Amino acid sequence: MSTTNNVVFINDKEHAFEQGETILFLLRRTMGDDPVPTLCDAPNLKPFGSCRVCSVEVALQQDGPRRVQASCHTPVMANSFIYTHSEKVERIRKNIVELVLTDYPKEKFEEANPAQNELKKVAGQVGIEMSDVRYELGKNHLDRTPDESHAYMRASMDSCINCYRCIRACDEVQGEMVLTMEGRGFDNQVVMGMNEGFKESDCVSCGACSQACPTGAITDIFESKFNDAVETERTVCTYCGVGCNLDVATKDGEIISITAPYDAEVNHGHTCLKGRYAFQFYNHPERLTTPMVRWNGTLKPATWDEAYDYMTERFTRIRDEHGADAIAGISSARTPNEENYLMQKFIRAVIGSNNIDCCARVCHSPTALGMQRSFGTGAATNSVVDIEYTDCMMIIGANPTAAHPVTGARIKQAAMKGTKMIVIDPREIELARYAQYHLQLRPGTNVALLNMMLYYIVSENLVDKDFIGSRTEGYDDFESKIRELDMDKMEAVTGVDRELVREAAICYATAPNAMSFHGLGVTEHSQGTFTVQQIADLAMITGNIGRRGVGVNPLRGQNNVQGAADMGAQPHQGAGYLDVTDPNVHTQYEEFYGAKLPQHIGYKIPEMFDAAIAGALKALWIIGEDVVQTDPNTDKVKRALTNLDMLIVQELFMTETAMLADVVLPGASFLEKSGTFTNGERRVQRVNQVVEPLEGTKPDGQIIVDMMRRMGYDQPDYAPDTMLEEISQIVPFFKGITWEGLGKNGLQWPVPEDGTSTEIIHKEEFKRGKGKFTYHDWAESAEIEEHGDEYPYIITTNRELEHYNCGAMTRRTNNVDILTEDVLLMNPKDAKDNKIEDGDMVCVTSARGKVDIKARITEEVKPGVMSTTFHFPEIMVNLITSDVHDSEAKCPEYKVVAAKVRKSKGKYAERSEEQLAKA
């Protein structure tokens, strides 16, 4: 036998091993998935060694003395001899399992399916039945009352074997620390919170404990690991920009549960309550299942042919009478890339207009524009895995644990393990508790605060001169203006102590690797694009671009907001971000589509509303966006939509917007069709159809294709593989993407012809060549300038974990039992000043209107600042939001609303005649 530094002998057979491998990892790599039985081990948890069922014998010499060691946490030793099934370890394993069975219900064990219950499986592996147990049965778990208090989670702790997997999943995966062990000896037991049950605990319903539990002691209402599913299909979640992979289990054509695959590179066996549990909307009784057409003022059911005929006749007439630019489309970031591509193709190649936009306009359009100006590409520079390599994380205007929960959990885990963190947010979000620095600025002052950070980096001489000199331009003029800043003024404007800003700036600049994450608290401002450019400036001035653990990383709001923009669902750039006004690009598009295309920029969403009110826009086709509930200044949006000659809404439910439509088309959910989503780290992943579309509905892509044909354009039937092939021919960074080539975990663009994935961009050179520094002065929001005196409070908007955007899907699941309403977060001082108590209904007034909403008194916001959500149509919070937009990208300023409050006299939204006229 050979003896080298990387050789080991398993059952006397020689194998190579890698330094740092545990014995169990090596055994699985060389012998298959189940080389030895395990109970306390799980793929996404650290080795623990509590059950010892995985024990093996290890000797330093072939005939030398052997020691019994737990294989899960014991590192492999070079030239050692490992014996996996010796008589001694078989006897030990059998005795361990026998002791476990003394505290397990006999009936449950005998009924258990070994393919689902890991204890039953392991008992079979070691050769023991309940009848073989020689010891007296225990008492500690057998009389526990099942916990059925929670909307999703269930606990029947008589089945618990104290393996700690649920506790470790809560700690190591989610970082919530809800579960713990209580008692000693036979009284040792798992408890939730203060031994109060799931509902009363701080559980966030992620289901990590349920997926980890080997026996079903902790499960969920769907019995996700223990049901009788027949098939499982892997797909991608529809809710946020993380892009979690889901294993969807079905039986008889219906979805019965969802789990998270451990081999998913995005989420590693984890997901939030929306991805895991909030799927029952897909076949909810309120799903739209037939087209509807408005006849004589009333929406009535229609056939598909009747709806298509109606649309075709009016599209044709409007285009003939008013020109192609009297027609517009709003595509959906909830639908796959292929469907977004088709929608922009319909508007451009069939209608002949560039009036196409998507919800990126109202969330991350400043990100795309700002990063394009600075770097040349409007997408994340790095990947979420870089959290493992960074030394400092800066979270700006984002609440990842609520809005991007799986990424948020990874950020929180890193912070708890010692990675430094800076949080810049008007609210004391969860991550602020783990941050070294929380810069709690006044809403609308991002530019001022980031200028302060840049000032201290320059004045403390912490700039990366080599990086600046070799890879950037515009720095000298930028630095001179930064040095002229008045810190007294900036401190007063932001409300943040300058010394705290200075310390945070030094922390970021001196970290070996620093990365930033930003969200809608950056973009949804009148200076949103400028703020994104400043974040890019911070990365460039410190050289934090182009390697592991650094970069500028936007947290995309909706699941495919990155992809919708990539596909050209925007008025100034076509598929692949090519400039529609460039003559060469224009020729390229015309030749590719075989159609005459416009060469001028079309309407952005806010401009569509203005044009509709002015009478210039006559028809609008909206897919999967409830603009009445989610866009700002609701009365203005309604006025615009009702002034159209034809409004088409393609939806899953009868939303506030669909109620105003002339044509309603029932689309298919993500579970009922195939395509691709692109997540926030540029990862293009396959969305695989799980069930058939509900009867009467159609995939959105096929609806668009049907209309393209009706309008005279020869487009093949919708199929994800052929659509992706077409996209790869016109989108440069999709060139090497094929349906089959995406595999299980997708590819991060740019993907060259050889099909390789790109985790980090701008390594050697920026897309635009040199990175560009640009200085911007802070300017007060027009909302505050015009209305701040009369309306002294600032309201900002946010998102809660349990719901998504307008809540159309989550409100039709048990999530609504966990979070039942929108509330207004209010500081105790403001509440006292206005004689408001926690739980009171308050009337909130802005220059646009009034809403009545329940107050929640909290220190989460500072005096003068309030915050709320718009998940529920009963409140319609956007009745009070403003018509101010980002000066560059036209993203609405949801984050700064001048308002006043008083205790409410009623329950419903009100608008005065004067306010209606202003709207």
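See the structure printed just above.
This one's a predicted model, so the numbers in the text were calculated from it and none came from an experiment.

*Asks:* Summarise the overall build of the protein; cite the residues concerned and give the values.
*Replies:* When its secondary structure is counted, the protein shows 30 helices and 35 strands. A compact globule built from 919 residues should have a C-alpha radius of gyration of about 29 Å, and the protein, at 29 Å, falls within 12% of that. Projecting the C-alpha coordinates of the protein onto the three principal axes gives extents of approximately 90 × 70 × 65 Å. Looking at the protein as a whole, 64% of its 919 residues qualify as buried. Taking the intrachain contacts of the protein between residues at least 6 apart in sequence as the baseline, contacts between residues at least 24 apart amount to 73%. When the accessible surface of the protein is totalled, it reaches about 33600 Å², and 46% of it is carbon and sulfur. If you average the places of the 96 positive and of the 135 negative side-chain charges in the protein, the two averages end up 2 Å apart.

*Asks:* Any chance you could break down the nonpolar core for me, citing the residues and the numbers?
*Replies:* The biggest cluster of nonpolar side chains holds 116 residues, and the ones touching the most others in it are Phe315, Phe346, Trp621, Leu641, Phe734 and Val844. Broken down by element, the residue count for this core peaks at eight residues, all from helix α9 (residues 337-351). Discounting chain neighbours no more than four positions away, the residues touching leucine 641 are Phe609, Leu620, Ile622, Val627, Val628, Leu647, Thr657 and Leu660.

*Asks:* Give me the lowdown on the side chain of asparagine 267, citing residues and values where you can.
*Replies:* Locating asparagine 267 in the fold gives a position in the loop between β12 (254-259) and α7 (273-277). Dropping the residues within four chain positions of it, asparagine 267 is found in contact with Cys244, Asn245, Ala260 and Val406.

*Asks:* Before we move on, could you go through the sheet that holds strand β3 (residues 55-59) and cite the residues and values that matter?
*Replies:* The five strands are arranged β2-β1-β5-β3-β4 in an open sheet whose pairing can be described as mixed. The open sheet is flanked by β2 (13-16) and β4 (66-70), the only strands paired with a single partner. Each adjacent strand pair in this sheet contributes to an overall mean axis angle of 35°, direction not counted. When strand β1 (residues 7-10) meets β2, the two strands line up antiparallel, connected through four bridges. Looking across to β2, one finds that valine 8 is bridged to histidine 15.

*Asks:* Outline the packing of aromatic side chains, supporting the account with residue identities and numerical values.
*Replies:* Under the defined criterion, the tally for this structure stands at 27 aromatic pairs. Arranged with centres 4.7 Å apart and planes meeting at 10°, the rings of phenylalanine 9 and phenylalanine 81 form a pair that is stacked. Remark: phenylalanine 81 occurs in strand β5 (residues 81-83) and phenylalanine 9 occurs in strand β1; sequence separation between them is 72 residues. Relative accessible area serves as the criterion here: at 1%, phenylalanine 9 is assigned to the buried category. Looking at phenylalanine 81, the relative accessible area reads 6%, which means it is buried. For the pair phenylalanine 478 and phenylalanine 773, a centre-to-centre distance of 5.0 Å together with 35° between the ring planes defines the contact as tilted. You can see phenylalanine 478 sitting in helix α15 (residues 475-483) and its partner phenylalanine 773 sitting in the loop between β29 (771-772) and α27 (782-787), a full 295 residues away along the chain. Judged by its relative accessible area of 2%, phenylalanine 478 is buried. Looking at phenylalanine 773, the relative accessible area reads 3%, which means it is buried. A network of ring pairs unites the aromatic residues Tyr152, Phe222, Tyr277 and Phe279 as a single cluster. Cation over ring: arginine 812 sits above phenylalanine 653, and NZ or CZ is 4.1 Å from the ring centre.

*Asks:* Account for the environment of phenylalanine 870, with residues named and values stated.
*Replies:* Secondary-structure assignment places phenylalanine 870 in the loop between β34 (865-868) and β35 (897-903). You can call phenylalanine 870 buried: its relative accessible area is 12%. Expressed as a C-alpha distance, the spacing of phenylalanine 870 and threonine 881, which sit eleven residues apart in the sequence, is 11 Å. For phenylalanine 870, the residues in contact, after removing those within four places along its chain, are Gln629, Thr630, Thr797, Asn805, Cys806, Asp822, Val877, Asn878 and Tyr894.

*Asks:* Summarise the sheet that holds strand β10 (residues 231-236); cite the residues concerned and give the values.
*Replies:* Sheet architecture is open: three strands sit in the order β10-β11-β12, paired in antiparallel fashion. One side of each edge strand has no neighbouring strand; the edge strands of this open sheet are β10 and β12. Averaged over all neighbouring strand pairs, the angle between strand axes comes to 35°, with direction disregarded. Bridge count between β10 and strand β11 (residues 245-251): six bridges; the pairing is antiparallel. Pairing of threonine 232 across the sheet is with alanine 249, part of β11.

*Asks:* Please set out the packing of helix α21 (residues 583-593) against helix α26 (residues 720-730) residue by residue, giving values where relevant.
*Replies:* Their axes nearest at 11 Å, the elements α21 and α26 cross at an angle of 155°. Between α21 and α26, the crossing angle belongs to the class labelled roughly antiparallel. Here α21 runs over α26; the crossing is right-handed. In this structure, α21 contributes Gln588, Tyr589, Phe592 and Tyr593 to the contact, and α26 contributes Glu726, Gln729 and Ile730. Its residues assigned to classes, the contact of α21 with α26 shows four nonpolar, two polar and one charged.

*Asks:* Please set out the environment of alanine 569 residue by residue, giving values where relevant.
*Replies:* Within the secondary structure, alanine 569 is located in the loop between α20 (561-566) and α21. Measuring from C-alpha to C-alpha, the distance between alanine 569 and arginine 686 comes to 20 Å, with 117 residues separating the pair along the chain. Excluding its chain neighbours within four sequence positions, the residues that come into contact with alanine 569 are Ser331, Asn340, Gln344, Ile356, Asp357, Cys358 and Ala564.

*Asks:* For the pairing of strand β32 (residues 841-845), give the residues involved together with the corresponding values.
*Replies:* In the case of a regular strand, side chains alternate between the two sheet surfaces. Within β32, four of the five residues are buried, which leaves the element mostly enclosed by the surrounding structure. Two strands pair when backbone bridges link them, and β32 and strand β33 (residues 850-857) are joined in this way by five bridges, in the antiparallel orientation. Bridging across to β33, threonine 845 finds its partner in lysine 850. If you look at the hairpin formed by β32 and β33, you'll find four residues sitting between the two strands. Where β32 lies against β35, four bridges are found, and the strand directions are antiparallel. Among the inter-strand pairings, cysteine 843 is bridged to a residue of β35, identified as arginine 902.

*Asks:* Describe unusual backbone geometry, listing the residues and the values that go with them.
*Replies:* With an omega dihedral of 5°, the bond running from tryptophan 749 to proline 750 counts as a cis peptide bond. Relative to the elements of secondary structure, proline 750 occurs in the loop between β28 (747-748) and β29. Of note in the backbone geometry, asparagine 11 takes a positive phi value of approximately 55° without being a glycine. Mapping asparagine 11 onto the fold places it in the loop between β1 and β2.

*Asks:* Now, about the pattern of salt bridges: what can you tell me, with residues and values included?
*Replies:* This structure, assessed with the given rule, holds 49 salt bridges. The shortest N-O distance in the salt bridge between arginine 683 and glutamate 681 comes to 3.0 Å. For glutamate 681, a relative accessible area of 6% gives the class buried. Note that arginine 709 and aspartate 717 form a salt bridge whose closest N and O atoms lie 2.9 Å from each other.

*Asks:* How would you explain the side chain of arginine 410 if you had to name every residue and give the values?
*Replies:* Structurally, the position occupied by arginine 410 is in helix α12 (residues 405-416). Non-local contacts of arginine 410, meaning those with residues more than four positions away in its chain, are made with Glu265, Val266, His268, Val384, Val385, Ile387 and Glu388.

*Asks:* Lay out the environment of aspartate 840 with the relevant residues and their values.
*Replies:* Tracing the backbone shows aspartate 840 in the loop between α29 (828-833) and β32. Along the chain, aspartate 840 and alanine 360 lie 480 residues apart, while their C-alpha atoms are 35 Å from each other. For aspartate 840, the side chain forms a polar contact with the side chain of lysine 903, separated by 3.4 Å.

*Asks:* Tell me about the state of the cysteines, and name the residues and values.
*Replies:* Evaluation of the coordinates by the stated rule reveals zero disulfides. Here cysteine 40 is not cross-linked by a disulfide; its sulfur's nearest cysteine counterpart is in cysteine 51, at 3.7 Å. Overall, cysteine 40 belongs to the buried group, its relative accessible area being 2%. Cysteine cysteine 160 shares no disulfide, and the gap to the nearest cysteine sulfur, in cysteine 166, comes to 6.0 Å.

Cut-offs and rules
Residues numbered from 1 in each chain as written. Predicted model: local features only at pLDDT ≥ 70, side-chain atom pairs only at ≥ 80, totals over all residues. Heavy atoms only, no water. Helix = DSSP H or I, 4+ residues; strand = E, 2+ residues; numbered from the N terminus. Rg over C-alpha atoms; globule rule 2.2 N^0.38 Å. Buried < 20%, exposed > 50% of the residue type's maximum accessible area, 1.4 Å probe, protein only. Contact = heavy atoms within 4.5 Å. Areas by Shrake-Rupley, 256 points an atom, 1.4 Å probe, with all protein chains shown as cover. Lys, Arg positive; Asp, Glu negative; His and termini not counted. Charge placed at Lys NZ, Arg CZ, Asp CG, Glu CD. Core = buried A, V, L, I, M, F, W, Y, C linked by side-chain atoms within 4.5 Å. Pairing = 2+ DSSP bridges. Axes fitted to C-alpha atoms, helices over the stretch in contact; angles between N-to-C directions. Phe/Tyr/Trp six-rings, centres within 6.5 Å; stacked < 30°, edge-to-face > 60°. Lys NZ or Arg CZ within 6 Å of the ring centre and 35° of its normal. Parallel < 35°, antiparallel > 145°, perpendicular 65-115°, else oblique. Left-handed = near helix turned anticlockwise from the far one by under 90°. Nonpolar A, V, L, I, M, F, W, Y, C, P; charged D, E, K, R; others polar. Salt bridge = Lys/Arg side-chain N within 4 Å of Asp/Glu carboxyl O. Polar contact = N/O pair within 3.5 Å; in protein donor to acceptor, adjacent residues only side chain to side chain. Disulfide = S-S within 2.5 Å.

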